[in-house]
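Working through the structure, step by step
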Amino acid sequence: MKCLRVRAAVSVVALGLLAGCGDGRDFVDASGVPRLRAHAADARNGKPRVAEPRGPRSSFTRFRTAGDGTEVVRTKWHGRKSGFTGDIWAWVPLEYHRPEYATSGFPVLIALPGAYGYPFNYWAGDAFGLEERIAQWSRQGKTLPFIVVMPVLNPGRKYYDGSDIPGQPKMGTWLTEDVPDFARANFRTYKSRDGWAFMGSSSGGFAALKAVLKEPRKFKAAIVNGPDTAPDSPMWQGHPEAMRANDPRHLARQLAARKSLPVYLAFELGSKEAAVPDVKRFIKDYTGGPVHSTLFEIPGGVHSGHTYIQRMADSLHWISEQLQGPVPSV
């Protein structure tokens, strides 16, 4: 899968440069995606517990302005738990600043890129228009208006499998502890896992899959695009037990054995990807019970973000049905 990741990264960079002018973005037909059920989570959980921003507040610089005037911003964040310092991009929807939502929390989507995910997280750019699409789909009632948090995935041009590999930077802690701490420091979020999800592609898809399976008390759902389904960083050499503890197959079996809290996984997969047999085998053998899954297969799709964005409305809709949305004041 490594060669696929690298080729995807080259494709994304090259096509992203061509698609960066707005009208060159991939066409996405979301007309068949239905409206969300009317806040099903509200009735189940009662009034959600909002977590007010607790600081320290970050100093942001504008990275780009989205089509609706909202801004994708950038900052550098020191992870107190991992010890790693890295760039994070973030975006909040228009609803976040509206008076009727002034006391409401918002769900957080931690979006991870493919390839090395360093030094840039491509979901922050305008090639895919992720923020514009979420704004449109949430206005149409098809998805929730997520806060999108986009950290660097690795500390350099090596694969760390989104994990705390012994003797290496603690990238698992960075993604599952420090990045959420960044969101809680700066934005109104929810205290329960009902307001927290991951999305990732390729190497970021593996990290998203593993994070939710490993931390079901913190995160409820993930969109998993063209992922590896087993750890394969060469830095695991000599650490078989730690590697197994970060293997999604092992983690899924653990969740089933202890009848864990349910988690929800939306897989996206291009029909021409080499990973098709492996991902379908993972869904067949390792999901079920508390691990709920659905598969969106894209006919003719390849291992690229330009494939995955085509079904992103479906995936976001599916996980939105499981999560807590913002609640307007009466």
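Residues numbered from 1 in each chain as written. Predicted model: local features only at pLDDT ≥ 70, side-chain atom pairs only at ≥ 80, totals over all residues. Heavy atoms only, no water.

1. Considering the pairing of strand 6 (residues 147-151)
Test applied: Relative accessibility thresholds used throughout: buried, under 20% of the residue-type maximum; exposed, over 50%; partly exposed, between the two (1.4 Å probe, protein chains only). Helix numbering and strand numbering both begin at the N terminus, where a helix is a DSSP run of H or I of at least 4 residues and a strand a DSSP run of E of at least 2. When DSSP finds two or more bridges between a pair of strands, those strands are recorded as paired. Think of it like this: strands point away, you trace from the first strand over the helix to the second, and a clockwise trace means the crossover is right-handed.
Of all five residues that make up strand 6, five are buried, and the element is covered over most of its length. The pairing of strand 4 (residues 85-91) with strand 6 spans four bridges and is classified as antiparallel. Residue pairing for strand 6: Trp 89 is matched across the bridge by Met 150. Pairing of strand 5 (residues 108-112) with strand 6, which is carried by three bridges, proceeds in the parallel orientation. For Val 108, the partnering residue across the bridge sits in strand 6 and is Ile 147. Regarding the hand of the β-α-β motif, the stretch spanning strand 5, helix 3 (residues 130-139) and strand 6 is right-handed.

2. A few points about the nonpolar core
We apply this condition: We call a set of buried residues a nonpolar core when its members are Ala, Val, Leu, Ile, Met, Phe, Trp, Tyr or Cys and they connect through side-chain atoms within 4.5 Å of each other. Contact between two residues is taken to exist if any of their heavy atoms lie within 4.5 Å; hydrogens are not considered.
Of all hydrophobic cores here, the largest spans 88 residues; its most connected members are Trp 123, Leu 213 and Ile 319. When residues in this core are grouped by element, the largest group, seven residues, is from helix 4 (residues 171-186). Excluding residues that lie within four positions of it along the chain, Ile 319 makes contacts with Leu 109, Phe 146, Ala 197, Ala 221, Ala 222, Ile 223 and Ala 266.

3. What to know about the pairing of strand 8 (residues 196-201)
With six of six residues buried, strand 8 is to be regarded as a mostly interior element. Here five bridges tie strand 5 to strand 8, and the two strands are oriented parallel to one another. Bridge pairing links Ile 110 to Phe 198 in strand 8. One ladder, built from five bridges, connects strand 8 with strand 9 (residues 221-225); its direction is parallel. Residue pairing for strand 9: Phe 198 is matched across the bridge by Ala 222.

4. Some remarks on the sheet that holds strand 2 (residues 61-65)
Quick note on the threshold: Only the contacting stretch of a helix is used when fitting its axis, a line to C-alpha atoms as for every element, and angles between N-to-C directions run 0 to 180 degrees.
The nine strands lie next to each other as 2-3-4-6-5-8-9-10-11, forming an open sheet whose pairing is mixed. Only two strands of the sheet have a single neighbouring strand rather than two, namely strand 2 and strand 11 (291-298). Neighbour-to-neighbour, the strand axes of this sheet turn through a mean angle of 20°, independent of strand direction. In this structure, strand 10 (residues 263-270) lies alongside strand 11, joined through eight bridges in parallel fashion. Each residue of the ladder has a partner; that of Gly 270, found in strand 11, is Ile 298.

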